[in-house]
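Here is how the chains run, residue by residue.
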Amino acid sequence: MMDILTNDQWRTLLSIADAIVPSLPAEALIQATPVYTLTEDYKKILTEFAVDRPSDHPNFKRVLAHDTLPILYPDTLADIRSSLNMLNHATTCLILTGTYKPFHTLSVEQRQLIIDSWGNARLSSFRRLYRGFFCLTAFAYLRVSDIAHRAMRHPIRDPNLNDAERYASKDFYRFHMLTESDLRQATFDAVIIGSGCGAGVVAARLSRQGLRVLVIEKGKYYHQEELTFSEDEGLRNLYEGGGVLQSEDGGVNLLAGSTFGGGSTVNWSASLCPQGFVRREWALKHGAEFYVTRDYEDALRDVCDRMGVSDNHLVHSRANQILLDGSAKIGSTAHTVAQNTGGFSHRCCFCAYGCRFGEKQGGINTWLVDAANNGAKFMDNATVEKVVTSNGAARGVDVTAFERTITIPASVVVVAAGALNTPVILMKSGFKNRNIGSHLKLHPVGTLYAIWNDKDFDSFNEAILTTVNTDYENIDGDGHGVKIECVLQQPVPIYSGFPWRGGESYKEGLMKYNNMATYISLARDKGEGRVYPDPVSGQPRISYELSKFDRNSIIAGLIRTAEFCLAENVDEIHISDRRIPPFIPTSEVREKGILSDEFNTWADSVRKYGIDKFTSQIGSAHQMSTCRIGSNPKTSAATSIGELWECKDVFVADASALPSASGVNPMISIMATAHVIAGNIVKRLQAKNTSARL
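Residues numbered from 1 in each chain as written. Predicted model: local features only at pLDDT ≥ 70, side-chain atom pairs only at ≥ 80, totals over all residues. Heavy atoms only, no water.

- Going by an unreviewed UniProt entry, the protein carries the name GMC oxidoreductase-domain-containing protein and comes from Lipomyces orientalis.

Take a look at the structure:
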């Protein structure tokens, strides 16, 4: 795969990366280090880290060549190649750099000035160039540099992997994946595409009724003994596109699980039920009336009971405690967040790469186990190409597995492949409803980085998300606004968004990683996008533009976050936008807090700058509503019982079915929705079986 770029293109790309993360004199970093960390051993680490750069790591090119560049949209990759070619040649280099000298021949200082000028440019094409090369560099470098991890005081792998009580003393369920021989001997009433939050619930409920169920997952199944992943390995093995997904204009970075158990394997355990105003919207505006009935309430209870959802045993990380305490000090509203951990404490910031300890009660520890015990069958590494139909009804699926395409007959097909893949499968199957792939909701987030220089946070040993601030959750009075939460504290998601203002300041920021709490302002988005198959690769292509309301809501949430951090005596505040200067509180600011003129002047500047798609870092870990259910085929893809308007016996039962954004981490909303839809499928199949006997 190294031939994805020419030798000249690689040379230029490495010269860009080495300017973004450059070799530096050690003294600069040592002087910026919090005093309490400056042991002789740590000085040696900083000395090695100071000179470290991307091109020193052979695996840097491997990550780009194998795990990053091939995942990009074909036209995005073509743009990168074209830009690298322009930077290679004197005549075209002038357009991008202002000099005739090829980029790689310039000094590191000159290269940094050029990259900085791209980020500050008025033309969006230059800002996009900056954003693209920065993201490529940060994403690959942080996955391969051991010395960077040591400088950040963050382990490559969970140091508790073989803990006697949490792992070694436990027995974990082992799923059997069908072989080709197994498949030839099996018949099925229902095929479920996907194995995530919705799919697991449907599989459990259908198999409990004695129905023959097959669950097909395009990702790989990993047993607990295999869940020893570093961040590099976890992103490559457990996430859609290796964790490199972006919207087509590069404005939003997305994370979506792609492994057995789907999002429930890689999420952060947050277990929040949809709020009443959201359920009423889904019932009254979209016509999915069951959301305000006993059926959905019972489904919520069943889902939470099965996964042991509770907030009784929470142990807050320092970052989560700051959110609670700081919010209280400024008269702000904050709550604890229940976890699906079987009623036990769960302290694990590596859980985004699979829960080694089986403490997180996702699908692979609950619903899918129930389904297996009831006789359901499973396939992994199998890609469904299309739903097979005849005479307006489902007949099965075509799936690529065992190095060939196989047709698997079934009476019912449940598409639960996630909000990015479900609409693409349906489009490839020939369904035409215009709502398939439309109305994409992302829960877009902006990020704030707060630094305290007094001690290490050691977030890798703590729970990820156990608190939420809800001050601005309903800004418009119609259920749209933001929630403020802690975010996964791992190097790649943190520092692929940390503002780059030059190589030295970026390395200083990396060095302060373990002094940092990171918070997101998560919008229940009013705006929406769409998903459709890329015309060249056939993979999901994501089109999304933040609405003005959502941009302003995210900014309001970031400022509120800065306020409660200031109340907790923060030392530095950074926003995920390179245009916004960091805020360093003076003694006067500490005395007056959020009433200080200096802080409010800075907050006004945050509002003034707002959000720019190429200089602000916007992320998404929740994708929803691309095949939404409802009461009208003009506004929804499926009926309120989950069945496609266009075809009988094809059901949707995942995040794509939600009528709009859930406004909370969506696992519980998805599972309870799938619970109700599964009941409808059971009735349909039982009626079919009764009819067949007659």
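**Considerations on the packing of helix α1 (residues 7-20) against helix α4 (residues 58-68)**
At step 1: With their axes 12 Å apart at the nearest point, α1 and α4 run at an angle of 115 degrees to one another. Classified by the angle between their axes, α1 and α4 sit roughly perpendicular to one another. α1 and α4 meet at a crossing whose hand is right-handed. Of the residues in α4, those touching α1 at W10, L13, L14 and A17 are F60, K61, L64 and A65. (Axes fitted to C-alpha atoms, helices over the stretch in contact; angles between N-to-C directions. Helix = DSSP H or I, 4+ residues; strand = E, 2+ residues; numbered from the N terminus. Parallel < 35°, antiparallel > 145°, perpendicular 65-115°, else oblique. Left-handed = near helix turned anticlockwise from the far one by under 90°. Contact = heavy atoms within 4.5 Å.)

**Focus: the packing of aromatic side chains**
At step 1: A full pass over the atoms with the stated rule returns 26 aromatic pairs.
At step 2: With a centroid separation of 5.0 Å and an interplanar angle of 70 degrees, the aromatic rings of F175 and F260 are classed as edge-to-face. In this pair, F175 is assigned in the loop between α10 (164-168) and α11 (180-184) and F260 in the loop between β3 (253-254) and α14 (263-266), connecting sequence segments 85 residues apart.
At step 3: By relative accessible area, F260 is classed as buried at 2%.
At step 4: Ring geometry for F175 versus F378: centroids 5.4 Å apart, planes at 80 degrees, classification edge-to-face. With F175 in the loop between α10 and α11 and F378 in strand β7 (residues 377-379), this pair connects stretches of sequence that are 203 residues apart.
At step 5: Taken together, the ring pairs in this structure connect Y130, F134, Y449, Y495, F498, Y506 and Y513 into an aromatic cluster.
At step 6: Lying over the aromatic face of W10, K61 brings its terminal NZ or CZ to 4.9 Å of the ring centre.
At step 7: Of note, R356 hangs over the ring of Y167, and the distance from its end group to the ring centre comes to 3.6 Å. (Phe/Tyr/Trp six-rings, centres within 6.5 Å; stacked < 30°, edge-to-face > 60°. Buried < 20%, exposed > 50% of the residue type's maximum accessible area, 1.4 Å probe, protein only. Lys NZ or Arg CZ within 6 Å of the ring centre and 35° of its normal.)

**Examining the pairing of strand β10 (residues 404-409)**
At step 1: The sheet contact formed by strand β9 (residues 393-401) and β10 spans six bridges and is antiparallel. Bridge assignment links A401 to a residue of β10, and that residue is R404. (Pairing = 2+ DSSP bridges.)

**Notes on the side chain of D398**
At step 1: Structurally, D398 is set in strand β9.
At step 2: K386 provides the closest opposite charge to the buried, unpaired D398, separated from it by 4.2 Å.
At step 3: In terms of polar contacts, D398 uses its side chain to reach the side chain of T407, at 2.6 Å.
At step 4: Each residue touching D398, except ones within four places of it in the same chain, is listed here: T383, V384, E385, K386, V388, T405, I406 and T407. (Lys, Arg positive; Asp, Glu negative; His and termini not counted. Salt bridge = Lys/Arg side-chain N within 4 Å of Asp/Glu carboxyl O. Polar contact = N/O pair within 3.5 Å; in protein donor to acceptor, adjacent residues only side chain to side chain.)

**Looking at the environment of F126**
At step 1: Note on placement: F126 falls in helix α8 (residues 124-144).
At step 2: Residue class for F126 comes out buried when judged on its relative accessible area of 17%.
At step 3: Sequence separation between F126 and L96 is 30 residues; the distance between their C-alpha atoms is 8.0 Å.
At step 4: Discounting chain neighbours no more than four positions away, the residues touching F126 are I95, L96, W118 and A121.

**As for the environment of I216**
At step 1: As for its placement among the helices and strands, I216 is situated in strand β2 (residues 213-216).
At step 2: A sequence separation of 357 residues divides I216 from I573, and the C-alpha atoms of the two residues are 45 Å apart.

**Description of unusual backbone geometry**
At step 1: Notably, R153 is not glycine yet its phi reads approximately 60 degrees, a positive angle.
At step 2: One can find R153 in the loop between α9 (146-152) and α10.
At step 3: The phi dihedral of N569 falls on the positive side, at around 60 degrees, and the residue is not glycine.
At step 4: Checked against the element boundaries, N569 lands in the loop between α22 (548-567) and β18 (572-575).
At step 5: Judged by its relative accessible area of 46%, N569 is partly exposed.

**A few points about the sheet that holds strand β8 (residues 383-390)**
At step 1: Strand order in the open sheet made by the three strands is β8-β9-β10, with antiparallel pairing throughout. Among the strands making up the open sheet, the edge pair consists of β8 and β10. On average, each strand axis in the sheet is inclined to that of its neighbour by 25 degrees, with strand direction left out of account.
At step 2: Where β8 lies against β9, seven bridges are found, and the strand directions are antiparallel. Pairing of S390 across the sheet is with A393, part of β9.

**What about the sheet that holds strand β11 (residues 412-415)?**
At step 1: Reading across from one edge, β7-β2-β1-β11-β20 is the order of the five strands in this open sheet, with parallel pairing throughout. Both edges of this open sheet fall to β7 and β20 (650-652), since each of them pairs with a single strand only. Neighbouring strand axes in the sheet, compared pairwise and without regard to direction, differ in orientation by 20 degrees on average.
At step 2: Here strand β1 (residues 190-193) pairs with β11 via four bridges, running parallel. Looking at the pairing, I192 lines up with V414 of β11.

**Description of the packing of helix α5 (residues 74-88) against α8**
At step 1: Their axes nearest at 12 Å, the elements α5 and α8 cross at an angle of 100 degrees. In terms of orientation, α5 lies roughly perpendicular with respect to α8. On the side of α5, the interface is formed by T76, I80, S83 and L84, while α8 contributes R128, L129, F133 and L136.
At step 2: Residues belonging to the contact of α5 with α8 are distributed by class as follows: five nonpolar, two polar and one charged. (Nonpolar A, V, L, I, M, F, W, Y, C, P; charged D, E, K, R; others polar.)

**Quick word on the pattern of salt bridges**
At step 1: Enumeration over the complete set of coordinates arrives at 46 salt bridges.
At step 2: Residues R578 and D116 are paired through a salt bridge, measuring 2.4 Å at the closest nitrogen-oxygen approach. Of this pair, R578 sits in the loop between β18 and α23 (587-592) while D116 sits in helix α7 (residues 108-120), and the two are 462 residues apart along the sequence.
At step 3: Classification of R578 by relative accessible area gives buried; the value is 7%.
At step 4: In this structure, the salt-bridge partner of E643 is R684, at a minimum N-O distance of 2.5 Å. Taken together, the positions of E643 in the loop between β19 (619-620) and β20 and R684 in helix α25 (residues 667-693) put the pair 41 residues apart, joining distant regions of the chain.
At step 5: Residue R684 is classed as partly exposed on the basis of its relative accessible area, which comes to 24%.
At step 6: Among the ionic contacts, a cluster of salt bridges with common partners joins R62, D67, R143, D232 and R236.

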